[in-house]
Amino acid sequence: MSGRLEITVGPLLFNWPAEAVRTFYRRVADDPAVDRVYLGEVVCGKRGPLLADALAESAEALEAGGKTVVWSTLALPANRRELRASAALVEAGGPVEINDISALARASTGAPAGTPFVAGPFLNVYNEAAARELMRRGCVRLCANIELSLGAVAAIARGCPGLEVELFAYGRLPLALSGRCYHARLHGLHKDACQFVCERDPDGLAVATVEATPFLAMNGVQTLSHGVHVVDVEPARLREAGVGALRLSPHTGDMAAVSAAFRRFADGRSSPPELRAALAAAGPPGPLVNGYVHGARGLELLDA
Amino acid sequence: MLRAAVEAGADSVYCGLRDATNARNFPGLNFSPDELAREIEWAHGRGARVLVAINTFATAGGIDPWRAAIDAAAAAGVYAVIVADLGVLAYARERHPGLRLHLSVQAAAGTAEAIGFYAEAYGVRRVVLPRVLSAAEVAEVCRGSPVEIEAFVFGGLCVMAEGRCALSSYATGRSPNLAGVCSPAEAVAFDRTSQALTPRLSGLAIDRLGPEEPAGYPTLCKGRFEAGGATGYLFEEPVSLNAMSLLTSLRDAGVTAVKVEGRQRGRAYVARVAAAFRGAIDALERGEDLAPWEGRLADLAEGGRETAGAYRKRWR
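Residues numbered from 1 in each chain as written. Chains lettered and ligands numbered in written order. Predicted model: local features only at pLDDT ≥ 70, side-chain atom pairs only at ≥ 80, totals over all residues.

- Where an unreviewed UniProt entry is consulted, chain A appears under the name Ubiquinone biosynthesis protein UbiV, with the organism given as Phenylobacterium zucineum.
- Quoted verbatim from the Pathway (unreviewed entry) field of the UniProt record, the comment on chain A reads "Cofactor biosynthesis; ubiquinone biosynthesis."
- Annotation of chain A in UniProt includes, under Cofactor (unreviewed entry), the sentence "[4Fe-4S] cluster". (UniProt positions renumbered as here; feature names shortened; annotations may be inferred.)

**Comments concerning the overall build of chain A**
Thinking step 1. If you tally the helices and strands in chain A, you get ten helices and twelve strands.
Thinking step 2. In terms of overall size, chain A behaves like a compact globule, its C-alpha atoms giving a radius of gyration of 18 Å where 304 residues would be expected to give roughly 19 Å.
Thinking step 3. C-alpha extents for chain A along the principal axes are approximately 55 × 50 × 35 Å.
Thinking step 4. The 304 residues of chain A split such that 61% are buried.
Thinking step 5. Of the contacts made within chain A by residues no fewer than 6 positions apart, 66% connect residues no fewer than 24 positions apart. (Helix = DSSP H or I, 4+ residues; strand = E, 2+ residues; numbered from the N terminus. Rg over C-alpha atoms; globule rule 2.2 N^0.38 Å. Buried ≥ 20, exposed ≤ 12 C-beta atoms within 10 Å, placed from the backbone. Contact = placed C-beta atoms within 7 Å.)

**A closer look at the overall build of chain B**
Thinking step 1. A count of helices and strands for chain B gives ten helices and 15 strands.
Thinking step 2. Taken along the three principal axes of its C-alpha coordinates, chain B extends 60 × 55 × 35 Å.
Thinking step 3. Here chain B holds 316 residues, and the buried ones make up 52% of them.

**Describing the confidence of the model for chain B**
Thinking step 1. Mean pLDDT over chain B: 91, with 98% of residues reaching 70 or higher.
Thinking step 2. The ipTM, which scores confidence in the relative placement of chains, is 0.96 for this predicted complex, and the corresponding pTM is 0.95. (pLDDT = per-residue confidence, 0-100.)

**A look at the interface of chain B and chain A**
Thinking step 1. Residue-level contacts link 56 residues of chain B with 52 residues of chain A.
Thinking step 2. A breakdown of the residues in the side of chain B that touches chain A according to their chemical character gives 33 nonpolar, 14 polar and nine charged. (Nonpolar A, V, L, I, M, F, W, Y, C, P; charged D, E, K, R; others polar.)

**Focus on the environment of B:Arg305**
Thinking step 1. Among the structural elements, B:Arg305 can be located in the loop between helix H10 (267-285) and strand E15 (306-307).
Thinking step 2. In sequence terms B:Arg305 and B:Pro214 are 91 residues apart; their C-alpha atoms lie 9.8 Å from each other.

**A look at the sheet that holds strand E10 (residues 204-205) of chain B**
Residues and elements named next belong to chain B.
Thinking step 1. Taken together, three strands build an open sheet; the order of strands is E8-E9-E10 and the sheet is antiparallel. The open sheet is flanked by strand E8 (188-192) and E10, the only strands paired with a single partner.
Thinking step 2. Judged from the five bridges that link them, E8 and strand E9 (residues 197-201) form a sheet pairing that is antiparallel. When the bridges of E9 are listed, Ala-189 appears paired with Arg-200. (Pairing = 2+ DSSP bridges.)

**Side note on the UniProt feature "binding site: [4Fe-4S] cluster" (unreviewed entry) in chain A**
Residues and elements named next belong to chain A.
Thinking step 1. If you check UniProt for "binding site: [4Fe-4S] cluster" (unreviewed entry), the listed places come out as Cys-44, Cys-181, Cys-194 and Cys-198 in our numbering. Their sequence span is 155 residues, while the largest C-alpha to C-alpha distance among them is just 11.5 Å; these annotated residues converge on one region.
Thinking step 2. With respect to the element layout, Cys-44 can be found in the loop between strand E2 (36-39) and helix H2 (48-64).
Thinking step 3. Residue classification places Cys-44 among the buried residues on the basis of 25 C-beta atoms within 10 Å.
Thinking step 4. Each residue touching Cys-44, except ones within four places of it in the same chain, is listed here: Gly-220 and Val-221.
Thinking step 5. Here Cys-181 lies in the loop between strand E7 (164-178) and helix H7 (182-186).

**Some words on the nonpolar core**
Thinking step 1. Membership of the largest hydrophobic core comes to 221 residues, with the highest contact counts inside it found for A:Val153 and A:Phe262.
Thinking step 2. When residues of this core are assigned to domains, at least three map to each of domain 1 (2-158 + 239-312) and domain 2 (167-233) of chain B. (Core = buried A, V, L, I, M, F, W, Y, C linked by C-beta atoms within 7 Å. Domains from an automatic or database assignment.)

**Some remarks on the packing of helix H5 (residues 128-135) of chain A against helix H6 (residues 150-159) of chain A**
Residue and element names in this part refer to chain A.
Thinking step 1. Between H5 and H6, whose axes approach to 8 Å, the crossing angle comes to 45°. Accordingly, the angle class assigned to the pair H5 and H6 is oblique. In the crossing of H5 with H6, the sense of the turn from one axis to the other is right-handed. On H6, the residues touching Glu-128, Ala-131 and Arg-132 of H5 are Ala-155, Ile-156 and Gly-159.
Thinking step 2. Within the contact of H5 with H6, the residues separate by chemical class into three nonpolar, one polar and two charged. (Axes fitted to C-alpha atoms, helices over the stretch in contact; angles between N-to-C directions. Parallel < 35°, antiparallel > 145°, perpendicular 65-115°, else oblique. Left-handed = near helix turned anticlockwise from the far one by under 90°.)

Structural data, given as structure tokens:
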């Protein structure tokens, strides 16, 4: 793969108020560093209806700003309503990112044949044979699972000619999903009557060990890393590995500075240490980590 | 171990080949292809089925061992293989169309739609459900599923959707999806002082136990952590799953098979658990009350405590 590395904005993982969502995407719509934006609630089906209007307006603003808009499906749909919401995104026929096999069933059978889709990072694609199975069903792009090293991603890309490959390149790592809502549990509430307490923590709620070492972050049914992952691999090596796009996961802090820093880095105008310094100055919710992409423990920060 | 389970009344036993293709890749636990063939013959003589777990995700750029494991299982005449990886499923379907395929819990198929996809695309005949569904959700999945459903009833309790959890690799570098292990033993250490016992994973304290508190295996999601000023078991208590009390509702929901964990356990444990569930299921078939069977395995629970987990809806 050659040419300019794309910068994309991943789906917002946190429960932001509708007005904050509108403000964020209005800003992204005018951000020259960003090429593509993934919209939609992927974590909790209860949040989706609250944001439907804000997201629809954001999609219009983003498209008017020249961005490619892709709708992302729920990663762990748990009931009929949530499954219908995912199915509706697929059947709408526009670009869609699939984060659960349930929606793939729909893409393969319910939607017009061969409807192209993006395979999201929540799918278990760990090798080229699995990726090829998705390609047979219309997958045109894979956002690699966060656990994969660059070497593994390169092997997948080599085995899947024509597949566009995107990396989760900035943000708290989405580590786990559950049927249980940890925010509700922490506040002594039940998931079904959660009072949307997760909205108090726009980057997730930090979870520390009993020795006060920051470790994870809870976000409703999702558990993320406390550390903020950064793909700080030289663009030439990324392209050699078949990577064509870097995904930035929305956080509070200066996301315009984050996307600008990645644009400079992707264009070869800054070094890995300069990228990390720019990101650290943009107010990330935790320390930078990069272990996974280098084949190490996810929480490590290696000097790339 | 396999023989202990069969002699105690198990209808089917999952085992693994001695390599990274199964999710219990521990020394001394699994079979060579020759041993597998011998155990299958033994089990057939007793009317039991042997199934092989090839349920890890194949390594990018190194898929051959998974294909070889499928070939070996097929050659040994197993009743079924249990698989999670799309690429491995595709290989098995294409190369061994007669081989019965079960879908591992690691594939994270928790909806009738997902199950329908695997059934249609790969001819999967049975699906193991994640342990995050309530009994009502299990019933709904069963109603919509074109194939058999299997549910965990005893052993470890994953509180994260299986196959969707990278907590272990974030802390230790190895995880179920990457390496077939969670909170791996080589990363575990215990600090002891006169006041407290601190279990660690890769150096991170994941609990602090007083002298009177029982210490189970330090699994990450069952550790004690701090958030928002509160310290406690934020994800799950150090408990293990026992759904004996839900056998009736699982049967009524349409569940075909119930599964107990065995491969990491001792022979005596496996024999007791298998015998208890055999007895309870037989009692259920005879229309008897299950109350006498409940609590019979309580002393086997991790840290001494057990739960029906997500099967009871208030768990969420």
